[in-house]
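Structural characterization, general
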Amino acid sequence: MTQLSCAFCAEPAVYLDRATGGHLCAGHLSARVEETFCATLDAPDGLTGGERVAVAFSGGKDSSVLLHLLATLAAPTRDLALVAVTIDEGIAGYRDETVAWARTLAARLGVEHRVVGFEAGCGSDLDGLVLWREARACTICGVLRRRLLQQAARDLGADRLATGHCLDDEAESVVMNWLRGDLYRVAGARPTGGESMVPRTKPLARLSEKEVVSYAILHDLAPELPECPYAHTALRSGVRGLVHRAELHSPGTMARVVSGQAGLEARLRGLLPPAGFTTCPDCGEPVLGGSCRACALLRSAVANH
Ligand code: SF4
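The residue count restarts for each chain, going from 1 along the sequence in the order it is written. In view of the model being predicted, local features appear only for residues whose pLDDT reaches at least 70, and side-chain atom pairs are presented and counted only at 80 or more, with totals across whole chains, interfaces and linings using the full set of residues. To get the side-chain values, take all heavy atoms of the structure and skip hydrogens and water.

Time to look at the overall build of the protein. We count a stretch as a helix when DSSP gives it H or I for four or more residues in a row; a strand needs E for two or more, and each element gets its number in order from the N terminus. Scanning the protein from N- to C-terminus turns up 12 helices and nine strands. Taken along the three principal axes of its C-alpha coordinates, the protein extends 65 × 45 × 40 Å. Categorising residues by exposure relies on relative accessible area from a 1.4 Å probe, with only protein chains included: less than 20% of the type maximum marks a residue as buried, more than 50% marks it as exposed, and the intermediate range marks it as partly exposed. Out of the 305 residues in the protein, the part that is buried amounts to 44%. For the protein, the proportion of contacts with a sequence separation of at least 24, taken over those separated by at least 6, is 75%. The positive count covers Lys and Arg only, the negative count covers Asp and Glu only, and His and the chain ends enter neither. Taken as the charge centre is NZ of Lys, CZ of Arg, CG of Asp or CD of Glu, depending on the residue. Across the protein, the 31 positively charged side chains and the 35 negatively charged ones have centroids separated by 6 Å. Residue contacts are defined here by distance: any two heavy atoms, one from each residue, within 4.5 Å place the two residues in contact.

Okay, structure coming up:
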């Protein structure tokens, strides 16, 4: 079989860019990922330099690439102080191995690392919280994990919270907002208040999952790890299939969805009165819409036992 070459040099190709039809070698794929990452950091909601950055670090491929790029490329040139935060949901047969990998990688990169357990933050591990309602595991996990990440970032004195959302996640969020009929998000209405929240930044948001995973494999950031036993319950899995089929059929769809949404927001911003954050009387965290989903989920978990 003929070995295909990179579109830019004579090295063997390891990656097909379906949008252009061009092949890339390991070196040119890595360069493209690193350049896109740096360009995203330079965007208005990127990192200006000198910040203390909490990195949401699950130990999965996306967050491993995020931590690697922040530690090796961004921190030395932008004077960033990084602290990786791993939320241990306490999922039997899954989390122990990924937390162990997270500790290994953080140590290898010389990054300060904190592990925050569900047990301490929510009174029980996820397995206990989802008893009798496993079908909602990802919803419950997502709401509580976001709260724990925010609390940890604030407690650690972080200026920004970096997450590993990639282009696929961003395109899926746009589609989900439309499917939910969430006019505020579709119109880009920015909530007022919420000053106690650590602002988020998404340095991988312009990179596809395929680029991120390929980079992870090339840079020894993708060990064999078990899959979460609740992954099939994710609300996103249906939307993910839809977006991926559209991307396969018409390469570049995900980027067009995200840039189309940005254009729409720029034109519609200010048309809807912004919702305001209030403070949850139970946990003291900022909440939108008058009710705290995290506290409501924890109350219903207690009632279920
Ligand atoms: Fe949590 Fe669902 Fe992710 Fe598992 S797959 S860690 S339950 S969000």
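And the narrative resumes.
Further remarks concern the sheet that holds strand E5 (residues 112-117). In space, the five strands of this open sheet follow the order E5-E4-E3-E6-E7, with parallel pairing throughout. Of all strands in the sheet, those with a lone pairing partner are E5 and strand E7 (200-201), marking the two edges. Pairing of strand E4 (residues 81-88) with E5 involves six bridges; the strand directions are parallel. Its bridge partner being in E5, Ile87 is matched across the sheet by Val116. Seen against the sheet, helix H2 (residues 61-78) touches strand E3 (52-56), E4 and strand E6 (160-162) and runs at an angle of roughly 160° to E3. For two strands to be treated as a pair, DSSP must find no fewer than two bridges joining them. Fitted lines through C-alpha atoms serve as axes, helices being fitted only where they are in contact, and the angles separating the N-to-C directions of these axes extend from 0 to 180 degrees.

In the neighbourhood of the ligand, the contacting residues comprise Glu89, Leu126, Cys138, Cys141, Arg145, Cys228, Tyr230 and Ala231. With three residues, the top contributor of residues to the shell around the ligand is helix H6 (residues 137-155). Charged means Asp, Glu, Lys or Arg here, nonpolar means Ala, Val, Leu, Ile, Met, Phe, Trp, Tyr, Cys or Pro, and polar covers whatever is left, Gly included. Classifying every residue of the shell around the ligand gives six nonpolar, no polar and two charged. Throughout, near means a residue has at least one heavy atom within 4 Å of the molecule or strand.

Our focus in this paragraph is the nonpolar core. Take the buried residues of types Ala, Val, Leu, Ile, Met, Phe, Trp, Tyr and Cys, join any two whose side-chain atoms come within 4.5 Å, and each joined set is a nonpolar core. Counting residues in each nonpolar core, the largest one holds 35 residues, and the members touching the most others are Phe118, Leu126 and Leu144. At the level of elements, E3, E4, helix H4 (118-122), helix H5 (126-129), H6 and helix H12 (293-304) are the ones that each hand at least two residues to this core. The residues contacting Leu126, other than those within four sequence positions of it, are Glu89, Gly90, Ile91, Phe118, Ala137, Ile140, Cys141 and Tyr230. Within the second largest apolar cluster, 34 residues are counted, among which are Leu69, Ala102, Leu204 and Val212.

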